[in-house]
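# Residue-level structure breakdown
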Amino acid sequence: MHLCDKTIVDIGGGYGDLLVELKSRIPTAGACICLDLPDVIDDAKSTSNDEESTVEVMLVAGDMFDHRTIPKCDVIFTKHVLCDFSDEDVVRALRSFHQVLSSSGKLVIMDAVLPNEHDLNCKWNPAVSFDVLLMLSGRRGERSRLEWSNLALNAGFVLLMKLSQPRQ
């Protein structure tokens, strides 16, 4: 995916750290906008030291379920956000994202992906262990590739690929 001159929005991006790193590594990337809840953005603005960073990231208060609060963009990132929500809420959020993305826009979901049921083969899997921890802590949990594909289709997206983090 080429990010040159693309407007990028990080949904649930907290203080904008991901976009600061991205922009420092890919200076040709277009506008970088961190969207989070108003309280988070207020805190991020009050604690940021603008003199420390030469990378510009706009901090915007918004609601991922309300497309009117998300800036129009070419790329949306969301990292470890959607696992906290029910399938119905995820579809609502994805539909909201779909409305603000350009016609060639891309959505990048950075969450653990569970193996489909038939792929487990009674082997230990770190994503499954993480999912169990999420469920025990009262959070929703991770989803399989098939579950993500179904949610994406319900919101008007097509799941193109799944990238795996290299094993250490």
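What you see is a predicted model; the values in this text were computed from it and never measured.

The rules behind these values
Residues numbered from 1 in each chain as written. Predicted model: local features only at pLDDT ≥ 70, side-chain atom pairs only at ≥ 80, totals over all residues. Heavy atoms only, no water. Helix = DSSP H or I, 4+ residues; strand = E, 2+ residues; numbered from the N terminus. Expected span 1.5 Å × (residues − 1). Buried < 20%, exposed > 50% of the residue type's maximum accessible area, 1.4 Å probe, protein only. Contact = heavy atoms within 4.5 Å. Core = buried A, V, L, I, M, F, W, Y, C linked by side-chain atoms within 4.5 Å. Patch = residues over 30% accessible without salt bridge, like charges linked within 9 Å, V, L, I, M, F, W, Y side chains within 5 Å. Areas by Shrake-Rupley, 256 points an atom, 1.4 Å probe, with all protein chains shown as cover. Salt bridge = Lys/Arg side-chain N within 4 Å of Asp/Glu carboxyl O. Phe/Tyr/Trp six-rings, centres within 6.5 Å; stacked < 30°, edge-to-face > 60°. Lys NZ or Arg CZ within 6 Å of the ring centre and 35° of its normal. Pairing = 2+ DSSP bridges. Axes fitted to C-alpha atoms, helices over the stretch in contact; angles between N-to-C directions.

Quick look at helix α3 (residues 87-100) now. The end-to-end C-alpha separation of α3 is 20 Å, in line with the 20 Å expected for 14 residues at 1.5 Å each. Those residues of α3 lying buried are V90, V91, A93, L94, S96, F97 and V100. Structurally, α3 contributes buried residues whose contacts are with β1 (8-11), β4 (73-79), β5 (101-110), β7 (143-144) and α5 (145-154).

Of all hydrophobic cores here, the largest spans 22 residues; its most connected members are I11, L94 and F97. Listed by contribution, the elements that provide at least two residues to this core are β1, β2 (32-36), β4, α3 and α5. Discounting chain neighbours no more than four positions away, the residues touching I11 are L35, M64, I70, I76, F77, T78, K79, V81 and F97. L22, A29, L59 and F77 belong to the second-largest nonpolar core, a separate cluster that totals 15 residues.

Taken together, L153, V158 and L160 make up a surface patch of nonpolar side chains, about 330 Å² in accessible area. Structurally, the position occupied by L160 is in the segment after α5. Among the residues examined, L160 registers a relative accessible area of 58% and is labelled exposed.

Moving on, we come to the packing of aromatic side chains. The tally for this structure, following the rule as stated, stands at one aromatic pair. The cationic tip of R92 hangs over the ring face of F65; the distance from NZ or CZ to the ring centre is 4.2 Å.

Turning to the pattern of salt bridges, a few remarks are in order. Applying the stated criterion to the full structure yields three salt bridges. For E21, the salt bridge is made with R25, and the minimal N-O distance between the two is 2.5 Å. Of the two residues, E21 and R25 are both situated in helix α1 (residues 17-25); the distance of four residues between them amounts to about one turn of the helix. With relative accessibility at 65%, the residue R25 sits in the exposed group. Among the ionic pairs, R92 bridges to D89, the shortest N-O distance being 2.9 Å. Residue R92 and its partner D89 are located together in helix α3, separated by three residues, close to a single helical turn. With a relative accessible area of 44%, R92 lands in the partly exposed category.

A separate point is unusual backbone geometry. Backbone phi values are negative for most residues with the exception of glycine, while trans is the configuration of most peptide bonds. Positioned with a positive phi, D5 is a non-glycine residue whose angle comes to about 60°. The topology assignment puts D5 in the segment before β1. The exposed category is assigned to D5, whose relative accessible area is 62%.

Judged by pairing direction, the sheet is parallel, and its five strands sit side by side in the order β3-β2-β1-β4-β5 without closing on themselves. Each having just a single partner strand, β3 (58-61) and β5 make up the two edges of the open sheet. When strand polarity is set aside, the average angle formed by the axes of neighbouring strands in this sheet is 25°. Note: β1 against β4, four bridges, orientation parallel. Residue pairing in the sheet places V9 in a bridge with I76 of β4. Packed on one face of the sheet, helix α2 (residues 38-47) meets β2 and β3 and runs near 150° to β3.

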